[in-house]
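In case you want the letters, here they are:
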Amino acid sequence: MGADTPEGGLSGDGGPETPFDLGNGFRRFADHVPLMMWRTDDSGRSTYHNECWLQFTGRPLAEEIGDGWRRGLHPDDFKRHAEIVATAFESRLPFTIEFRLRRHDGAYRWLLDTGRPLEENGVFYGYLGSCFDITDRKHAEEHAEHALLEKETLLAEIYHRVRNNLQVMVSLIGLYGRAAPESCRGSFDALGQRVRAIALVQQHLHEAPHIASIDLRDYLRRLASGLGQLRRAGRISVTIEGEGTSLVEPRTANALGMIVAEIVAECLDATGETVTCGISIGIDAGVGGPVRLSIVSSFGEAAAAGREGVPKLGPRLIAAYAAQAEIAVSGTATETDPLLLQLPEARAYVPPSLPSSLR
């Protein structure tokens, strides 16, 4: 620790006062601030730690000044801290760093440290900084990350089980379809295609970057591409138009995926193998208002008639999917009567593992 100057200032090396020497008034103030404070000279060596710091470490000031305080740094943080601070000193820029410091009871606590350079008239006098304990916040973050990892692992396991079960269902439907009378095989084929579409919807939900909040435009674009290859490859055209970004919950995305898959299936069921099916999806995601979708099938009139021998379930399935996700629905997906969908108001997503104070 530097020597006290006659005026009560504190110089880092016992030399003459500088414009930023700490007088007795400032030190009395700093010692009553409930915040850990420190000061260095122009070489980066500590010249001052306030009373809050000393109470935290349980060591006297004489042991903290110079490089003594570094003995309390966590071994895993020592190198990283030194590199960040050295870079800041070299460029004389402010810095912020998180590190662990040993408390008086031997426990390591996370601190958020912020330092600012002291300069006047181009002369550099060192740094003044402060720290506060962020251990509780770090623990909450770690808990949230762990909970998220567990959730993602569980979702992956559920997805694989669902996919395997759906594959078994498709195989069983195929077996029964081949054994069924000729007049019933169209229904079995349509059912198998719909189960495959369900599997595809689940796959794209699982592959979403953020499962809790799904980008609707990106999700539908990826799903449409997959549906285009699932059946009659190259004969399905799904276009997505409109402006605005919309994030939806998994249940909403799942319902919309199933609705789109059903419209595609209806169009394919109603047209020949050489006919191209065109589906147009318009997304209206205005700021502050509900998200609306408009879906038109270029062969909607033909799809409304249905293929001979295949039950016409499209409207009932679409209504059921929409009801599951509280989606308001009207229309028949024809050019004269587009299928209109209004999504429910988005709910704010808050990770359940975080304490209320951090929400």
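Residues numbered from 1 in each chain as written. Predicted model: local features only at pLDDT ≥ 70, side-chain atom pairs only at ≥ 80, totals over all residues. Heavy atoms only, no water.

Naming follows an unreviewed UniProt entry, where the chain appears as histidine kinase of Methylorubrum aminovorans. Per UniProt, the chain carries the Catalytic activity (unreviewed entry) text "ATP + protein L-histidine = ADP + protein N-phospho-L-histidine." (UniProt positions renumbered as here; feature names shortened; annotations may be inferred.)

Peer 1: Mind showing me how you'd approach the sheet that holds strand S5 (residues 123-133) here?
Peer 2: Pairing is antiparallel in the open sheet, where five strands are placed in the order S2-S1-S5-S4-S3. Unpaired on one side and paired on the other, strand S2 (46-49) and strand S3 (95-102) mark the two borders of the sheet. Strand-to-strand twist in this sheet, taken as the mean axis angle between neighbours without regard to direction, amounts to 25 degrees. Across ten bridges, the pairing between strand S4 (residues 108-120) and S5 is antiparallel. Bridging across to S5, Leu-111 finds its partner in Asp-133. Along the sheet, helix H5 (residues 135-179) makes contact with S3, S4 and S5, crossing S4 at roughly 120 degrees. (Pairing = 2+ DSSP bridges. Helix = DSSP H or I, 4+ residues; strand = E, 2+ residues; numbered from the N terminus. Axes fitted to C-alpha atoms, helices over the stretch in contact; angles between N-to-C directions. Contact = heavy atoms within 4.5 Å.)

Peer 1: Would you take a moment to explain the packing of helix H6 (residues 185-206) against helix H8 (residues 250-270) for this structure?
Peer 2: Helix-helix packing: each pair is described by the crossing angle between the helix axes and the interaxial distance. The geometry of H6 relative to H8 is characterised by a closest axis approach of 9 Å and an angle of 145 degrees between their N-to-C directions. Two packed elements cross with a definite hand, and for H6 against H8 that hand is right-handed. For the pair H6 and H8, the contacting residues are Ala-190, Arg-194, Ala-197, Ile-198, Val-201, Gln-202 and Leu-205 in the first and Pro-250, Ala-253, Asn-254, Gly-257, Met-258, Ala-261, Glu-262, Ala-265, Glu-266 and Asp-269 in the second. Its residues assigned to classes, the contact of H6 with H8 comprises ten nonpolar, three polar and four charged. (Left-handed = near helix turned anticlockwise from the far one by under 90°. Nonpolar A, V, L, I, M, F, W, Y, C, P; charged D, E, K, R; others polar.)

Peer 1: Explain H8 to me, please; I cannot follow it from the model alone.
Peer 2: Note on helix geometry: an α-helix contains 3.6 residues per turn, so any two residues three or four positions apart are oriented the same way. Here H8 contains 21 residues, and its C-alpha end-to-end distance of 30 Å stays within 8% of the 30 Å for a straight helix at 1.5 Å per residue. Summarising burial for H8: 18 of the 21 residues are buried, a large majority. (Expected span 1.5 Å × (residues − 1). Buried < 20%, exposed > 50% of the residue type's maximum accessible area, 1.4 Å probe, protein only.)

Peer 1: What am I meant to see in the state of the cysteines here?
Peer 2: The full count for this structure, using the stated rule, is zero disulfides. Its sulfur unpaired, Cys-131 is 9.6 Å from the next cysteine sulfur, which belongs to Cys-52. Note on Cys-131: relative accessible area 1%, which makes it buried. (Disulfide = S-S within 2.5 Å.)

Peer 1: Could you clarify how one ought to interpret the sheet that holds strand S10 (residues 292-297) in this entry?
Peer 2: The five strands are arranged S7-S9-S10-S12-S11 in an open sheet whose pairing can be described as mixed. Every interior strand has two partners, whereas the edge strands, strand S7 (236-243) and strand S11 (328-330), have only one. Mean inter-strand twist for the sheet, computed between neighbouring axes without regard to direction, equals 15 degrees. Here four bridges tie S10 to strand S12 (residues 339-342), and the two strands are oriented antiparallel to one another. Residue pairing for S12: Arg-292 is matched across the bridge by Gln-342. Sheet strands touched by helix H7 (residues 216-230): S7, strand S9 (277-284) and S10. Its angle to S7, the strand with the most contacts, is close to 170 degrees.

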